[in-house]
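Survey of secondary and tertiary structure
Below, each chain spelled out in residue letters.
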Amino acid sequence: MFIDQLFNGLSVGSILLLIAIGLAITFGLMGVINMAHGELMMVGAYTTYVIQQWFTSHMPHSAGLYFVAAIPLSFLAAALLGWGLEKSLIRHLYRRPLDSLLATWGISLILQQTARLIFGAPNVAVVPPSWLDGGIRLFGAVFPYKRLFILCLVLAIVFFLYMYLMKTRAGRRIQAVTMNRSMAACLGIATQKVDAYSFAIGSGLAGVAGCALTLLGPIGPTIGTYYIVDAFMVVILGGVGKLAGTLLGAFGIGLISTFVEYSTSATIAKVIVFVLIIAFLQWKPSGLLSVRTRSLD
Amino acid sequence: MVNKRWGYWLFFAALFLAPFYLTEFRLSLLGKFLCFAIVAVGISLIWGYTGILSLGHGVYFGLGAYCMAMYLKLEASRGHLPDFMEWSGVRELPWFWKPFAHPMVAIAAAIALPTLLAALLSYLTFKNRIKGVYFSLLSQAVVVVFVTLFIGKQEWTGGTNGLTNFSTVFGFSLSSPLTQIVLYWLTTACLALIFVAARRLTSGRLGKVLIAIRDAENRVRFLGFNPTVYKVFVYSLSAAFAGVAGALFVLQVGLISPEMMGIIPSIEMVLWAAVGGRQSLMGAIIGAIVMNTAKSFLSENYPDLWLLLLGALFVVVVLLVPKGLAGIYESLVAVRIKAKRGHEREARVDVS
Amino acid sequence: MKPVLMCRDVVVDFDGFRALQGVDLAVYPHEVRFLIGPNGAGKTTLLDVICGRTRATDGRVLFFSHDITKRPEYEIVQMGIARKFQSPSIFPFLTVWENMELAMRQDRRLRSVLRAKRTGEEEEIMAAQLERIGLLDERHRLAGTLSHGQKQWLEIGMQLIQRPQLLLLDEPIAGMSAAERERTGEWLHEIAKHCAVIIVEHDMDFVRRYSKQVTVMHEGKVLCEGSIDEVQQNEQVIDVYLGRRKNACYASGM
């Protein structure tokens, strides 16, 4: 039983992490609250749906392969949309976090409604590729391949993102802008460009998350709102500006909520987890891992 | 300034006289909107003046409404178990329902519960200097928690359907037009009172402290004020307003459900204040009325369009008219004054 | 004479970096104490500890024999310690008059602020103070629309109307013209009639002109204290400053 719950917790944690990792870039590194993050996820999910439709009608024999194409394409679709958003809207709101929250909320409503107009209000199902059916038996519990796949996917993303930020020129530029915008600008970094592609990467990761979510059940226009609040909690809990904190936060919330849920109910678990988050913030107001600064305000 | 005060008098007089010139249907709509206007005044206090963006006011509104609804439900059940409890197989009235048989307890709870919840949440966060968007996101999480709780605990709250099918209040039939008119007047009176109270608060020294906190919280600290106390106070006060609004809402509409306190209604409340002008109390009231009028018209006739429009409105208001309708009005007045002065100057030039 | 402020063995540890490593300092009434020292010596951190912005990891800060080490900032201010930051910190969307009203010495608890009304006496004090800093005619303007220099003076006025017993200044003359520096220097001695001042300053000409007592800090410790002449004769101080200069020459020689 314990192993079952452990698997469940890891799985929930990995999904939260998958969604929160994009937020960790846009919110954590850039300080922009993107309430449309959930809808960028939805864009990824519907992209996957469209690709599957295309594969089943054009290449029915290798329809299972659609997923291989869907991951990069949903990244691209969401990243492009995110890039456009940054260029047209968010760029004007960097110094007004509360306003950017409201404006992106507006965008999220528009995206939801657009999806409803194109694909209809009811949920649509994406048939997962057959090679992800079944599961692995470990210590008397079954860990489905789909969930295992998501876990591996998110760990791979975290790894590559970490390498990207630490080891590549582009990644180090993002870090430089994050730490000291005006200094970075003085050193000749085109901060506006960096902002745009950081935001695109964060959005693209939301798209991948949406793609992965199609493995777990039907998708609909409001799929984003279902997860977004939890994902924000992960980033707050983890501490803003630290990827490792997001990782800990996601698995922490995932494990705790499944275990609490198991011993009480889903409803009560929600309450208890929130109370625990607030209690935790009493002890560490800036999250698990955080950076101290010396500036006033 | 004198002009402005006359404007306020006229506005509230027009509201009080509404039963004489509006149809019953229109009046019931307006009554509902005035409840929302009460919420908007509270939002303007915390957001426009103090810089606290709360995405959780749906909960305070909802709590106030549920408290009142519990009393109405018990009165409608005439000593029996409320219908939805029977359907869920509950045998006996839960202990926390029992006090709500008394209307005074219900009214007191409708104000006290939201205030206490808001005080607790804001104290625990502001004390630790968690602010800005972090607070906004936490307040939104409160909404998720409460909506889940109210849907999940169906046997106590009526689940997704919420509480409805009321019959009387204080023994008067809720469906009679006279009761409706009295309730409408009550709402208008509450709104006027809350507006006056909020205006006095903001025009006094407290208002200056709040603005100072909004613009530079740490500097306020180094003038010897404790911002936490002020922020908790104003946040709880605005939650109390929302609670009052909720109670008045349920009396007039006869229904409260978790859907009405969810994430979207909560953020819509912020939009009312934003459209009207977040730093203007009267603007917030007008904003709530205008927005809801537009909503009830558009969402009935063009339901698909409404959400697109709502979304676009968020973007437009934030980007282009951050001061809302009140800001537009003020710049119009400024233009007129300038034009007037221009005329006077010309006149003077003519004389010389 | 009893000191206004006593720091005893104050230590500040920023996640492993020891910004202050046991600082002792005593400041007496009507004293203008200059803190000097190279960058990173811990001068600003010491001010931060005194006014409660940074918590001391170890040691004690006494204000008229009250222990204020663990008090929150607003209580420390209420007790009579005012702090001026490097950048002008005024409230841009309040008028000059309203800025002064908030800064004025008063009961700052919510209860009394809710009922507060300006008395005639208070208005006189505020007007007198504004007159002194030359902003009386600007009192109805939004503070955000003032010129940079006017903002500086408004802030000084806001510190004075608090009537502190200890004033902490962090590089007050940075970015000022020669005339303004002189005015500030004179004002410093004027204010010392009413309270003690601790001032962090890099400009050695200014220090030489207006200081009596100087405390030199280096790497989180007090190196020595005395008049500016005494300090300049001190071997250790010469080492610290000359050592830096030697390094600088070496670096530029590369």
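Small disclaimer: the values here were computed from a predicted structure and weren't measured.

Conventions and cut-offs
- Residues numbered from 1 in each chain as written.
- Chains lettered and ligands numbered in written order.
- Predicted model: local features only at pLDDT ≥ 70, side-chain atom pairs only at ≥ 80, totals over all residues.
- Helix = DSSP H or I, 4+ residues; strand = E, 2+ residues; numbered from the N terminus.
- Buried ≥ 20, exposed ≤ 12 C-beta atoms within 10 Å, placed from the backbone.
- Contact = placed C-beta atoms within 7 Å.
- Pairing = 2+ DSSP bridges.
- Axes fitted to C-alpha atoms, helices over the stretch in contact; angles between N-to-C directions.
- Nonpolar A, V, L, I, M, F, W, Y, C, P; charged D, E, K, R; others polar.
- Core = buried A, V, L, I, M, F, W, Y, C linked by C-beta atoms within 7 Å.
- Domains from an automatic or database assignment.
- Parallel < 35°, antiparallel > 145°, perpendicular 65-115°, else oblique.
- Left-handed = near helix turned anticlockwise from the far one by under 90°.
- UniProt positions renumbered as here; feature names shortened; annotations may be inferred.
- Expected span 1.5 Å × (residues − 1).

From N to C terminus, chain B includes 15 helices and 4 strands. Projected onto its principal axes, the C-alpha positions of chain B cover 90 × 55 × 40 Å. Looking at chain B as a whole, 50% of its 352 residues qualify as buried. Counting only contacts in chain B whose residues sit at least 6 apart along the sequence, the fraction spanning at least 24 positions is 81%.

For the rest of this paragraph, the subject is the sheet that holds strand β2 (residues 17-27) of chain C. Residue and element names in this part refer to chain C. One open sheet holds the 4 strands; their spatial order is β2-β1-β4-β5, and the pairing between them is antiparallel. Looking at the sheet topology across the chains shown, the edges are occupied by β2 and β5 (66-67). As judged from the 2 bridges shared by strand β4 (residues 58-63) and β5, these two strands associate in the antiparallel manner. Each bridged residue has a counterpart across the sheet, and for L62 the counterpart in β5 is D67. Running at roughly 70° to β2, helix α1 (residues 43-51) makes contact with β1 (5-14), β2 and β4 of the sheet.

Another aspect to go through is the interface of chain A and chain B. Contacts between the two partners involve 33 residues from chain A, matched on the other side by 36 residues from chain B. Among the elements of the structure, α4 (97-119), α9 (223-238) and α11 (266-283) of chain A are those that each provide at least two residues to the side of chain A that touches chain B. Sorting elements by how many residues they give to the side of chain A that touches chain B places α4 of chain A first, with 14 residues. Along the lines of polarity and charge, the residues of the side of chain A that touches chain B split into 23 nonpolar, 7 polar and 3 charged.

Within the largest apolar cluster, 265 residues are counted, with the highest numbers of intra-cluster contacts made by A40 and V41 of chain B. When residues in this core are grouped by element, the largest group, 16 residues, is from helix α11 (residues 227-253) of chain B. Two domains share this core, each providing at least three of its residues, namely domain 1 (5-80 + 164-253) and domain 2 (92-162) of chain C. Not counting residues up to four positions away in its chain, the partners in contact with V41 of chain B are I194, F195, A198, F241, L281, A284 and I285 of chain B.

A few words on the packing of α4 of chain A against helix α6 (residues 132-152) of chain B. α6 of chain B packs onto α4 of chain A with a crossing angle of 40° between their chain directions and a minimal axis gap of 8 Å. By the angle between their axes, α4 of chain A is oblique relative to α6 of chain B. Contacts from P97, L98 and L101 of chain A in α4 of chain A reach G132, V133 and S136 of chain B in α6 of chain B. Here the residues of the contact of α4 of chain A with α6 of chain B are counted per class, giving 4 nonpolar, 2 polar and no charged.

Glancing now at the packing of helix α2 (residues 37-58) of chain A against helix α8 (residues 191-213) of chain A. In helix packing, the relevant descriptors are the interaxial angle and the interaxial distance, both defined with respect to the helix axes. Residues and elements named next belong to chain A. At a minimum axis separation of 6 Å, α2 and α8 run at an interaxial angle of 55°. In terms of orientation, α2 lies oblique with respect to α8. Relative to α8, the crossing made by α2 is right-handed. Between α2 and α8, the contacting residues are H37, L40, M41, M42, V43, G44, A45, T47 and T48 on the first element and S203, A206, G207, V208, A209, G210, C211 and L213 on the second.

With that out of the way, let us pick up the UniProt feature "transmembrane region" (unreviewed entry) in chain A. Residue and element names in this part refer to chain A. With numbering aligned to this structure, UniProt lists the feature "transmembrane region" (unreviewed entry) at residues 12-33, 63-85, 97-119, 148-165, 197-219, 231-255 and 267-283. The span residues 97-119 carries 100% helix and 0% strand; its end-to-end C-alpha distance comes to 32 Å. Secondary structure content for residues 267-283 is 100% helix and 0% strand, while the C-alpha to C-alpha distance between its ends is 25 Å.

Turning next to the UniProt feature "transmembrane region" (unreviewed entry) in chain B. All names here are of chain B. Mapped onto this structure's residue numbering, the UniProt feature "transmembrane region" (unreviewed entry) falls at residues 6-22, 29-49, 104-126, 133-152, 181-198, 232-257, 269-293 and 305-322. The distance from the first to the last C-alpha atom of residues 6-22 is 23 Å, and the span holds 94% helix and 0% strand. What you have in residues 104-126 is 100% helix and 0% strand, and the ends, taken at the C-alpha atoms, are 32 Å apart.

On to helix α12 (residues 263-276) of chain B, then. All names here are of chain B. Here α12 contains 14 residues, and its C-alpha end-to-end distance of 21 Å stays within 8% of the 20 Å for a straight helix at 1.5 Å per residue. Of all 14 residues in α12, 12 are buried, a share of seventy percent or more. If you check which residues of α12 are buried, you get I263, S266, I267, E268, M269, V270, L271, W272, A273, A274, V275 and G276. G277 lies just past α12 and shows a positive phi near 120°.

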